[in-house]
Amino acid sequence: MAWNSSPACDFLTDDLISEILVRVPVKPLLRLKLVSKPWRSLITSPRFIKSQFDHAITKAGADQTLIVYKREDLSMTPLNLHSLQVGPRLGVPYSRGDFSFTPYSKLVASHDGVVCVRVSNFPRQQFNSSNFCKLHNPDIYIWNPATRQSKLLPPHTIRHKIKSVSVGFGFDPVGKEFKVVRIVASFDKPFCAEVYSVNRNAWRKVEPRPYDLPYYDEFDVCVKGLLCCTGMYGLMAFDLSREVFTSGIKIPVRCRSLRVYNARLTVVKDSIAVAFFSKRAELSGKVKLWTLDDDACLRGGEVEASWTLLLSVQVDLPVRFVRGYFNSGDILLVVAGEDTETWCLYNTDKKEAKAVPSSIYASQVIKYNESLVSVEGSKQVT
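Residues numbered from 1 in each chain as written. Predicted model: local features only at pLDDT ≥ 70, side-chain atom pairs only at ≥ 80, totals over all residues. Heavy atoms only, no water.

Student: Tell me about the pattern of salt bridges, and please be specific about residues and values.
Tutor: Taken as a whole and assessed by the stated rule, the structure comprises 16 salt bridges. For K179, the salt bridge is made with E177, and the minimal N-O distance between the two is 3.9 Å. For K179, a relative accessible area of 3% translates into the label buried. Among the ionic pairs, R182 bridges to E194, the shortest N-O distance being 2.6 Å. One end of the pair, R182, is in strand β9 (residues 177–186); the other, E194, is in strand β10 (residues 192–197), with twelve residues separating them in the sequence. For the pair R182 and E194, one class covers both residues: buried. (Salt bridge = Lys/Arg side-chain N within 4 Å of Asp/Glu carboxyl O. Buried < 20%, exposed > 50% of the residue type's maximum accessible area, 1.4 Å probe, protein only. Helix = DSSP H or I, 4+ residues; strand = E, 2+ residues; numbered from the N terminus.)

Structure below.
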């Protein structure tokens, strides 16, 4: 018997039904859409989707789950930060038969339950110097693992003699759309960039050109419509609504050169933060965390950045990098092992470290929360 035909449902108002359903996880809600047309209309409405997502992250914690890449089978799986248990595979953003080989995938970022993934459209075993550019032109997907819907982005417009490519993904709160930015370093030209807009469903070159690029292959975070990362000359940001870069922003880390190696951006209560570890004398064995006082410096206008030291903790581990900070007070560390890098979750209050499963691939991990968000033009993964 359908739920809405039960006598008990006669006493439930629409508002009460909505209040009940907003507390239901994503996967059961996908089945509950089949109960009736009114329920389907409710569950797929933008207002309900936002309410359900906000309730879920408030209840579980906004950074409870990560998506990680596993070494043994190169699969994307969820990792629960409380239990440190790896969950079942999330699947892939493409359908069976889309590739004649098993493609290599690389996580870019996640926002509101939607994940950006780069998928190699060229077998890595066939890579050589003559087809170098093909390796740096992978397909880019915007994918919701919970609903198993994904969108393959149109081909990039910048493809000439590529040396390296950096990618960022986030949500533009002004245009109310997801965007992807791609910065290209070429062998024979200055840095150039392009941005993909879901509303336009097209790439557009960004002018003026950026004069810096992310030190890593991806932007670290997206906060309030600003993609941010550490670059070669300090912090850099990309304003998703204005589609402009700001580079060379001062960070509270002293380095012998302008290149910022160990600094990584994270988020602390909706604010940009810099996490840093160094074995140099003045910061021997310490993890330090600074929060940005005002994000005006990220939007240009020659505003100087100011920072507040939030955390300074001695860590007696052979730390290589700080990979993230979480609201629980835990920091995710990459630790040097005998043969390879390993991960641990270090609690700054208890001064305790917990080992993360060794199958995790150290360079790929992003925060993730399930949602019902659907990107226009998405198709069901089969």
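Student: Describe the packing of aromatic side chains, naming the residues involved and giving the relevant values.
Tutor: The full count for this structure, using the stated rule, is nine aromatic pairs. With 5.2 Å between their ring centres and 70 degrees between their planes, F171 and F178 make a pair best called edge-to-face. Taken together, the ring pairs connect Y94, F99, F101 and Y141 into an aromatic cluster. Between R264 and the ring centre of Y216, over which it is positioned, the NZ or CZ distance is 3.8 Å. (Phe/Tyr/Trp six-rings, centres within 6.5 Å; stacked < 30°, edge-to-face > 60°. Lys NZ or Arg CZ within 6 Å of the ring centre and 35° of its normal.)

Student: Talk me through the sheet that holds strand β19 (residues 307–314); I want residue IDs and the actual numbers.
Tutor: Taken together, four strands build an open sheet; the order of strands is β16-β17-β18-β19 and the sheet is antiparallel. Strands at the two margins of the open sheet, each flanked by one partner only, are β16 (264–268) and β19. Across the sheet, the mean angle separating the axes of adjacent strands is 30 degrees when strand polarity is ignored. Across six bridges, the pairing between strand β17 (residues 271–278) and strand β18 (residues 286–292) is antiparallel. Its bridge partner being in β18, F277 is matched across the sheet by V287. (Pairing = 2+ DSSP bridges. Axes fitted to C-alpha atoms, helices over the stretch in contact; angles between N-to-C directions.)

Student: Pulling in residues and values, what's your account of the sheet that holds strand β5 (residues 114–119)?
Tutor: In space, the five strands of this open sheet follow the order β4-β5-β6-β7-β25, with antiparallel pairing throughout. Of all the strands in the sheet, the pair left with one neighbour each is β4 (105–111) and β25 (379–380). With six bridges joining them, β4 and β5 adopt antiparallel strand pairing. In the strand pairing of β5, K106 is matched with R118.

Student: Can you tell me about the nonpolar core, naming the residues and giving the values?
Tutor: Counting 49 residues, the largest nonpolar core has L21, L29, I67, V115, I142, F169 and V180 as its most contacted members. Counting residues per element, this core draws most heavily on β5, which supplies five residues. Aside from chain neighbours lying at most four places away, what touches V115 is I67, L107, A109, S110, Y141, I142, W143, P145, I366 and Y368. Ranked by size, the runner-up nonpolar core spans 21 residues in total, among them V223, V253, V274 and A305. (Core = buried A, V, L, I, M, F, W, Y, C linked by side-chain atoms within 4.5 Å. Contact = heavy atoms within 4.5 Å.)

Student: How would you explain the confidence of the model for the chain if you had to name every residue and give the values?
Tutor: Averaged over every residue, the pLDDT of the chain is 84; residues scoring 70 or more account for 86%. The lowest-confidence element of the chain is helix α5 (residues 132–135), averaging 50 in pLDDT; the highest-confidence one is strand β7 (residues 149–152), averaging 97. In this model residues 129–133 is a low-confidence stretch, pLDDT under 50, and it forms eight contacts with partners more than four residues away in sequence or in other chains. (pLDDT = per-residue confidence, 0-100.)

Student: Lay out the pairing of strand β22 (residues 341–347) with the relevant residues and their values.
Tutor: Judged by how many residues are buried, β22 sits mostly within the fold: five of seven residues are covered. Here seven bridges tie strand β21 (residues 330–336) to β22, and the two strands are oriented antiparallel to one another. Counted as the bridge partner of V335 is T342 from β22. With antiparallel pairing between neighbouring strands as the criterion, β21 and β22 make up a hairpin whose turn holds four residues. Alignment of β22 against strand β23 (residues 352–355), held across four bridges, turns out to be antiparallel. The residue of β23 that forms the bridge with L345 is K354. Taking the residues between adjacent antiparallel strands as the criterion, β22 and β23 are bridged by four residues, where K351 takes a positive phi near 55 degrees.

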